[in-house]
Amino acid sequence: MKVKELLLRDAIEERREADAKAVEAFAKTIDITDSNVVLQYGAAAQKNVSEFSENTLQQIRTKDLGEIGDTLSDLVRQLQDFDPGEEKKGLSGFFRRKKNQLATLKAGYAKASANVDKIVENLEAHQITLMKDVANLDQMFELNAKYQQELTMYILAGKKRLAQIQAEDLAQLQQQAQASGTQADA
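Everything quoted here is computed from the prediction, not taken from an experiment.

## Topic: the overall build of the protein
Here is step 1: Helices and strands together make up the secondary structure of the protein, namely five helices and zero strands.
Here is step 2: Considering only contacts in the protein between residues 6 or more positions apart, those separated by 24 or more positions represent 76%.
Here is step 3: By element, 57% of the accessible surface of the protein is carried by carbon and sulfur atoms, the whole surface being about 14700 Å².

Right, dumping it as structure tokens:
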């Protein structure tokens, strides 16, 4: 188990070093004198996040179980309607009533059974849809993590370049302004 942990730590450390090098290299390419570069800074990452959000909204919709709900309501109504009415009195009426009640009961159970089968089919279809949605959510989570890392790298590169400009370029420009004394340099 320790070997796996060491390999994982090494992989994470290598990834951090690679990310730090990438941030450093990217920070050097930022040219603050070019207004287009400044205005477009991070636009690609922002576009990726925007497309990701749009994709999320399109793929994951609120799932409506209305069809199943309607079928369940029908089933409950059918079960509540199992109230055979009274018929004639006497011995022949009694047997006729029981025979009709039995026929009604059989028909009611047949309808209820059909509704239960329909509910099972609908639930199985929704189960498949939900499994697909879970897979989509897993993919979107991975994309989101990637885009978040990309945005973090843009932010770090921007901060690094800003600090470099403040420490080096700004100091040089201030010295130049003091030496020349001109308003344009100031």
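## A look at helix α1 (residues 2-29)
Here is step 1: With 28 residues, α1 ought to run about 40 Å at 1.5 Å a step, and its terminal C-alpha atoms sit 41 Å apart, in line with that.
Here is step 2: For α1, the full list of buried residues reads D19, V23 and A27.

## Quick look at the environment of R77
Here is step 1: Examined against the element boundaries, R77 turns out to sit in helix α4 (residues 66-80).
Here is step 2: A C-alpha to C-alpha distance of 9.7 Å links R77 and A112, two positions 35 residues apart in sequence.

## Things to note about the side chain of R161
Here is step 1: In this fold, R161 is placed in helix α5 (residues 91-180).
Here is step 2: Discounting residues that sit within four places of it in the chain, R161 has contacts with A27, I30 and D169.

## Section: the pattern of salt bridges
Here is step 1: Taken as a whole, this structure holds three salt bridges when the rule is applied.
Here is step 2: Residue R15 pairs with D19 through a salt bridge whose shortest N-O separation is 3.4 Å. Of this pair, R15 and D19 both sit in helix α1, four residues apart, which is roughly one turn of that helix.

## Overview of a nonpolar patch on the surface
Here is step 1: Taken together, the side chains of L102, L105 and Y109 present a nonpolar region at the surface, about 280 Å² in accessible area.
Here is step 2: When you line up the elements, L105 lands in helix α5.

## Considering the environment of I165
Here is step 1: In this fold, I165 is placed in helix α5.
Here is step 2: Under the relative-accessibility criterion, I165 is labelled buried at 11%.
Here is step 3: Residues I165 and I32 lie 133 residues apart in sequence; the distance between their C-alpha atoms is 9.0 Å.
Here is step 4: Apart from residues lying up to four places away in sequence, I165 is in contact with I32 and L170.

## A word on the confidence of the model for the protein
Here is step 1: With 78% of its residues at a pLDDT of at least 70, the protein reaches an overall mean of 75.
Here is step 2: α4 is the least confidently modelled element of the protein, averaging 66 in pLDDT, while α5 averages 80, the highest of any element.

About the criteria used
- Residues numbered from 1 in each chain as written.
- Predicted model: local features only at pLDDT ≥ 70, side-chain atom pairs only at ≥ 80, totals over all residues.
- Heavy atoms only, no water.
- Helix = DSSP H or I, 4+ residues; strand = E, 2+ residues; numbered from the N terminus.
- Contact = heavy atoms within 4.5 Å.
- Areas by Shrake-Rupley, 256 points an atom, 1.4 Å probe, with all protein chains shown as cover.
- Expected span 1.5 Å × (residues − 1).
- Buried < 20%, exposed > 50% of the residue type's maximum accessible area, 1.4 Å probe, protein only.
- Salt bridge = Lys/Arg side-chain N within 4 Å of Asp/Glu carboxyl O.
- Patch = residues over 30% accessible without salt bridge, like charges linked within 9 Å, V, L, I, M, F, W, Y side chains within 5 Å.
- pLDDT = per-residue confidence, 0-100.

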